[in-house]
Amino acid sequence: MLKKYQKEIIKNKIAIIGLGYVGLPLAVEFGKKFDTVGFDINFDRIKQLNKGIDSTKEFSKNYIKSSKYLKITNQIDKLSDRTIFIITVPTPIYKNKKPDFRNLIDATKRIAKIFKKKSIIIYESTVYPGLTEEICIPIIEKKTKLIANKDFFYGYSPERINPGDKKHQLKNIKKIVSGSNGFAEKIIKRLYETIIQAGVYVAPSVKIAEAAKVIENIQRDINVAFANELFKIFEKLNLNTFEILKAANTKWNFLNFQPGLVGGHCIGVDPYYLLHKCKKINLKPKIITVGRKINDEMGLHYSNLINKKIKSQFKNKKIKILILGYTFKENCSDIRNTKVHDIYEYFNKKKHDVHIYDPWINFDLKGVKLVKKLNKNYYDCVIITVKHDFFIKLGKKRILSYAKRNNIFYDIKKIF
Ligand SMILES: NC(=O)c1ccc[n+]([C@@H]2O[C@H](COP(=O)([O-])OP(=O)(O)OC[C@H]3O[C@@H](n4cnc5c(N)ncnc54)[C@H](O)[C@@H]3O)[C@@H](O)[C@H]2O)c1
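Quick caveat: nothing in here was measured; it's all calculated off a predicted structure. (Residues numbered from 1 in each chain as written. Predicted model: local features only at pLDDT ≥ 70, side-chain atom pairs only at ≥ 80, totals over all residues. Heavy atoms only, no water.)

**Examining a nonpolar patch on the surface**
Inference 1: Residues I233, L237 and L239 make up a contiguous nonpolar surface patch of roughly 280 Å² in combined accessible area.
Inference 2: By the element assignment, I233 lies in helix α8 (residues 206-236).
Inference 3: Given a relative accessible area of 42%, I233 falls into the partly exposed group. (Patch = residues over 30% accessible without salt bridge, like charges linked within 9 Å, V, L, I, M, F, W, Y side chains within 5 Å. Areas by Shrake-Rupley, 256 points an atom, 1.4 Å probe, with all protein chains shown as cover. Salt bridge = Lys/Arg side-chain N within 4 Å of Asp/Glu carboxyl O. Helix = DSSP H or I, 4+ residues; strand = E, 2+ residues; numbered from the N terminus. Buried < 20%, exposed > 50% of the residue type's maximum accessible area, 1.4 Å probe, protein only.)

Here it is in structure tokens:
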């Protein structure tokens, strides 16, 4: 059976659904080898990608154009001859922290319209263990009247890419794969092995692969929360947390996590997916919940610390504040759930004149004062929030030249 199916599937008519940080490199890599169509509902994104422009600045024109067989479209009927569908749409949370499955459901429904017998659907979006089989696959079965593991197959292969990180890229990060049965597992393994040089790890089930992904990010969240808790303790003791961590890190098994803001669409979001599942089985995990709370409050914590300094130096005067960095992490343009916004809001509400400068943002930002040019001797307070290489290269002296003589300088990332 494998051989017969493989003949058809290995023709590998691939579709990648959702061409963002995860989907684009996947589409490019598969498109270097196989007939691949990238699909996205965002027409502007499609228009730009067809010109070789990636607005996230992650991938160059040369890289995108290097994909010989890749076609990019927003028309779902262009996917009707595909045999392999890979879903890479966002899985965010609502304001009340509940998981928002709408993109996942919408993408699945669109695919169901053109999905045929003998096809494979693989999910890459981060979910909780069970979501693929509880929500997505039933949609395909209901809409197509096909039966999973008889008429079609499915799998789950989480993504580990790290935007802004030029070292860890799709091809050189080991990838977890899983399939709905042994047959699907083999096909999916072989498929990904064609592009992942670091190799693939076959998880024994879809649920295990889903769980593995979500805990990778939860582990980071909890470790950063611990570093943040230490920061709060040592701040009160007038001790430098960064120096303490540096010293402790000389032990072979000490984990090197630094305090800071935890934003973005992964670390600060994925724990809520597992917490959602826990609620359904009447579990109330303690560490995961507290870790989230600690990290979510860090914007307020830093703001309070800086405000104390402002009060003592400037009393009730309204001052000019420069925030250096707005993206949720260094060296990328991603601003989703950026916690820098908490600091901006805090000082804006206190009626200070707050400006943000971020060399990675080349788009309009609603609701914040983004400056493109910095004036010398202008600011009373400068706060570094993101460790962009740009700021490191700029240097402390140059950065301080934008501040007045009696300034407050607060470097959250301890770059300098
Ligand atoms: N960005 C990362 O570093 C990263 C790493 C690992 C895993 N993930 C996970 O991968 C998934 C995708 O994340 P991302 O960062 O690539 O998201 P993204 O927002 O960068 O891109 C998603 C793309 O999907 C498109 N889209 C949304 N709904 C769609 C639909 N119904 N049909 C077709 N296209 C649709 C959007 O227009 C967008 O272009 C998420 O589950 C995320 O948690 C992300």
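Now, onward.
**Observations concerning unusual backbone geometry**
Inference 1: Phi is positive for K118, close to 70°, though the residue is something other than glycine.
Inference 2: Locating K118 in the fold gives a position in the loop between α5 (102-114) and β5 (120-123).
Inference 3: Positioned with a positive phi, N331 is a non-glycine residue whose angle comes to about 55°.
Inference 4: Assignment of secondary structure puts N331 in the loop between β9 (320-324) and α13 (340-349).
Inference 5: Using a relative accessible area of 12% as the deciding quantity, one classes N331 as buried.

**Structural notes on the side chain of D358**
Inference 1: If you trace the backbone, D358 turns up in the loop between β10 (353-357) and β11 (379-384).
Inference 2: Here D358 sits buried without a salt bridge, and the closest side chain of opposite charge, K57, lies 7.3 Å off (N-O distance).
Inference 3: Here the side chain of D358 touches T327 through a polar contact of 3.1 Å, landing on its backbone nitrogen.
Inference 4: A polar side-chain atom of D358 sits 2.8 Å from the main-chain amide nitrogen of W360. (Lys, Arg positive; Asp, Glu negative; His and termini not counted. Polar contact = N/O pair within 3.5 Å; in protein donor to acceptor, adjacent residues only side chain to side chain.)

**Considerations on the sheet that holds β10**
Inference 1: One open sheet holds the 4 strands; their spatial order is β10-β9-β11-β12, and the pairing between them is parallel. Both edges of this open sheet fall to β10 and β12 (403-411), since each of them pairs with a single strand only. Direction aside, neighbouring strands of the sheet carry axes that sit 20° apart on average.
Inference 2: Bridging between β9 and β10 involves 5 bridges; their strand directions are parallel. Each residue of the ladder has a partner; that of L322, found in β10, is H355. (Pairing = 2+ DSSP bridges. Axes fitted to C-alpha atoms, helices over the stretch in contact; angles between N-to-C directions.)

**With respect to the sheet that holds strand β1 (residues 14-17)**
Inference 1: Taken in spatial order, the 6 strands line up as β3-β2-β1-β4-β5-β6 in an open sheet, and their pairing is parallel. The sheet is open, and its two borders are formed by β3 (70-73) and β6 (153-156), each paired with just one other strand. For this sheet the average axis-to-axis angle between neighbouring strands, irrespective of direction, equals 20°.
Inference 2: Here strand β2 (residues 36-39) pairs with β3 via 4 bridges, running parallel. Bridge pairing in β3 places G38 opposite I72.
Inference 3: Against the sheet, α5 contacts β1, β2, β4 (84-87) and β5, and its axis sits at roughly 170° relative to β4.
Inference 4: Strands in contact with helix α6 (residues 131-144) are β5 and β6; relative to β5, the strand with the most contacts, it is inclined by about 145°. (Contact = heavy atoms within 4.5 Å.)

**Observations concerning the packing of α6 against α8**
Inference 1: Interaxial distance between α6 and α8 falls to 9 Å at its minimum, and their mutual angle equals 115°. Considering their axes alone, α6 and α8 lie roughly perpendicular with respect to each other. On α8, the residues touching L131, T132 and E133 of α6 are V206, K207 and E210.
Inference 2: Partitioned by chemical class, the residues of the contact of α6 with α8 number 2 nonpolar, 1 polar and 3 charged. (Parallel < 35°, antiparallel > 145°, perpendicular 65-115°, else oblique. Nonpolar A, V, L, I, M, F, W, Y, C, P; charged D, E, K, R; others polar.)

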